[in-house]
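# Commentary on secondary and tertiary structure
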Amino acid sequence: MSKYVLPISFFGTVFGCAVLLKNYVTGGRCPSKARVNGKTVIITGANTGIGKETAQELARRGGRIIMGCRDMEKCEAAAKEIRGNTLNPHVYACHLDLASMKSIREFAERIKEKEKRVDVLINNAGVMRCPAWKTEDGFDMQFGVNHLGHFLLTNLLLDRLKESAPSRVINLTSLAYVVGKMDFEDLNWEKKKFDTKQAYCQSKLANVLFTRELAKRLQGKSSGVCGREYSFYCSFLFRFLQVEPKVGIHFEVDAFEWKIVLSTMLLYVTGTGVTVNAVHPGVVSTQLGRHTGLHQSQLSTTVLSPLFSLLIKNPELGAQPSIYLAVAEQLEGVTGRYYDVLTEKEPAPQATDEEAARRLWEISSRMVGLKEDDGQTGNSCHANLPAQSQQTHGQNPGPVVGAVGL
């Protein structure tokens, strides 16, 4: 019997270390229990992977969920499943093809026509290391879907986001951005040999640069108050009202009402009230990596897959960072930041280049034909969205656009 003790102990130790390592790598679950009752949340690429799990959890927390997807059959099925699992009837499937500027504009018009508010926009969809495909408008597929599509969509919905402030934009990126380089002379890979890996990394770097430039523009030039300072002021104010809710107040309203009124005042002082942050969700097992060829050999299937399963998150855990950025009360007013899973990190130097961010914005605007009045009121995506009632808070086969996970 004793001859088995050492092998069992060894494998037990290895297994235990693997579990601890996986817990460390995954980053855990969203610590916030905040609900989103009455809030409208738009999630792109929500029929599978991270997007689907994000939609399900936010639906469970009371949100009105709009799932923007290219494949309507899969999207309808996912929406029906989520409605059944959460008992939340306000989960809707709507057609959105991020490889088509026309489809993006139709989706945005439909949202502005039917939705009184947009509280959270989660730019989750993406494509990874696909062949040298082009979008409907002739853009490199990865740059077009991962960056340009979300760039246009976000700008088209900005007015509705501002009207719903405080509101949030969450851009899913990837740690791969750290090896990305912006080639402003050939963003579409028309002059040089196509490199699918570098094309992906470039698009992910664009996500972070876009996040920082958008945050800067939303805060406005008139205010010197940054997101961190705004968050501090709000926290101080709320603690003050909780301790002395009657001090200096001579109107017959309770402290909670004053929190809303005064925090709204601070929003107007510090900018538009719309925050935007980028997040790397970790390494997640989704359909996104189907073009990488990781599981196309006998070696990877039999040897590497068991190892990967110990280190790679499932979609439910992969959704936790998006959920955290969407609901965490402590992130109110925090903007222009980069999160590695649940932890704020300083971005790599190329992602903090303000001139590159400004140049990317200007070039992207020209590429998608963005006009100054595009974010204002606006027919239709394929879903028949019901009008939102008044609430209190409330040329190639085309890629299957999935959740960003690597």
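Parameters at a glance
- Residues numbered from 1 in each chain as written.
- Predicted model: local features only at pLDDT ≥ 70, side-chain atom pairs only at ≥ 80, totals over all residues.
- Heavy atoms only, no water.
- Axes fitted to C-alpha atoms, helices over the stretch in contact; angles between N-to-C directions.
- Helix = DSSP H or I, 4+ residues; strand = E, 2+ residues; numbered from the N terminus.
- Parallel < 35°, antiparallel > 145°, perpendicular 65-115°, else oblique.
- Left-handed = near helix turned anticlockwise from the far one by under 90°.
- Contact = heavy atoms within 4.5 Å.
- Buried < 20%, exposed > 50% of the residue type's maximum accessible area, 1.4 Å probe, protein only.
- Right-handed = clockwise from strand over helix to strand, strands pointing away.
- Expected span 1.5 Å × (residues − 1).
- Lys, Arg positive; Asp, Glu negative; His and termini not counted.
- Salt bridge = Lys/Arg side-chain N within 4 Å of Asp/Glu carboxyl O.
- Polar contact = N/O pair within 3.5 Å; in protein donor to acceptor, adjacent residues only side chain to side chain.
- Phe/Tyr/Trp six-rings, centres within 6.5 Å; stacked < 30°, edge-to-face > 60°.
- Lys NZ or Arg CZ within 6 Å of the ring centre and 35° of its normal.
- Pairing = 2+ DSSP bridges.

Contact geometry for helix 4 (residues 101–114) and helix 5 (residues 141–156): axes closest at 10 Å, N-to-C directions at 25 degrees. As summarised for this structure, helix 4 and helix 5 are arranged roughly parallel, according to the angle between their axes. Two packed elements cross with a definite hand, and for helix 4 against helix 5 that hand is right-handed. Here helix 4 contributes Met101, Ile104, Arg105, Phe107, Ala108 and Lys112 to the contact with helix 5, which in turn contributes Gly149, Leu152, Leu153 and Leu156.

In this section: the pairing of strand 3 (residues 91–95). Of all five residues in strand 3, five are buried, a share of seventy percent or more. Where burial is concerned, the two faces of strand 3 agree: the one with Val91, Ala93 and His95 and the one with Tyr92 and Cys94 are both buried. In this fold, strand 2 (residues 64–69) hands off to helix 3 (residues 72–86), which returns the chain to strand 3; that crossover is right-handed.

Take helix 2 (residues 49–60) next. With twelve residues, helix 2 should reach 16 Å at 1.5 Å per residue; the first-to-last C-alpha distance of 17 Å fits that figure. The element helix 2 is largely enclosed, with a buried count of nine among its twelve residues. Taken together, the buried positions of helix 2 are occupied by Gly49, Ile50, Gly51, Lys52, Thr54, Ala55, Gln56, Leu58 and Ala59. Directly beyond the C-terminal end of helix 2, a positive phi value near 95 degrees is found at Gly62.

Turning our eyes to something else, we now look at the side chain of Asp97. Here Asp97 lies in the loop between strand 3 and helix 4. Put simply, Asp97 is tucked away with no salt bridge, and the nearest opposite charge, on Arg70, sits 4.9 Å away. At a separation of 3.0 Å, a polar atom in the side chain of Asp97 contacts the main-chain amide nitrogen of Ala99. With near-sequence residues (within four places) excluded, Asp97 lies in contact with Arg70, Ser103 and Ile104.

Our focus in this paragraph is the side chain of Thr173. Tracing the chain through its elements places Thr173 in the loop between strand 6 (167–172) and helix 7 (196–219). At a separation of 2.9 Å, a polar atom in the side chain of Thr173 contacts the main-chain carbonyl oxygen of Lys204.

Under the defined criterion, the tally for this structure stands at five aromatic pairs. On the basis of an interplanar angle of 75 degrees and a centroid distance of 5.7 Å, the ring pair of Trp189 and Phe194 is categorised as edge-to-face. Owing to a relative accessible area of 24%, Phe194 belongs among the partly exposed residues under this scheme. One aromatic cluster in this structure is built from Phe151, Phe210 and Trp361. A cation sits over an aromatic face here: Lys192 above Trp189, 4.1 Å from the ring centre.

Attention now moves to helix 7. Compared with an ideal rise of 1.5 Å per residue, which puts 24 residues at 34 Å, helix 7 spans 35 Å between its outermost C-alpha atoms and is within 8% of the ideal. Burial of helix 7 is extensive: 17 of the 24 residues sit out of reach of the surface. Looking at where helix 7 begins, the residue whose side-chain oxygen comes 3.0 Å from the main-chain nitrogen of Lys197 is Asp195. Residue Gly220 follows helix 7 closely and has a positive phi angle near 80 degrees.

A few words now on the pattern of salt bridges. Oppositely charged side chains can pair when the atoms bearing their charge come close. Tallied over the entire structure, the rule returns 19 salt bridges. With its nearest N and O atoms 3.0 Å apart, the salt bridge here joins Arg359 to Glu185. In this pair, Arg359 is assigned in helix 13 (residues 354–368) and Glu185 in the loop between strand 6 and helix 7, connecting sequence segments 174 residues apart. Residue Arg359 is classed as partly exposed on the basis of its relative accessible area, which comes to 34%. Here the salt bridges do not stand alone but share partners, grouping Glu57, Arg60 and Arg61 into one network.

Moving residue by residue along a regular strand, the side chains alternate between the two faces of the sheet. Most of strand 6 is tucked away: six of the six residues are buried. Where burial is concerned, the two faces of strand 6 agree: the one with Ser167, Val169 and Asn171 and the one with Arg168, Ile170 and Leu172 are both buried. Judged from the four bridges that link them, strand 4 (residues 120–123) and strand 6 form a sheet pairing that is parallel. Following the sheet pairing, Val120 is matched in strand 6 by Arg168.

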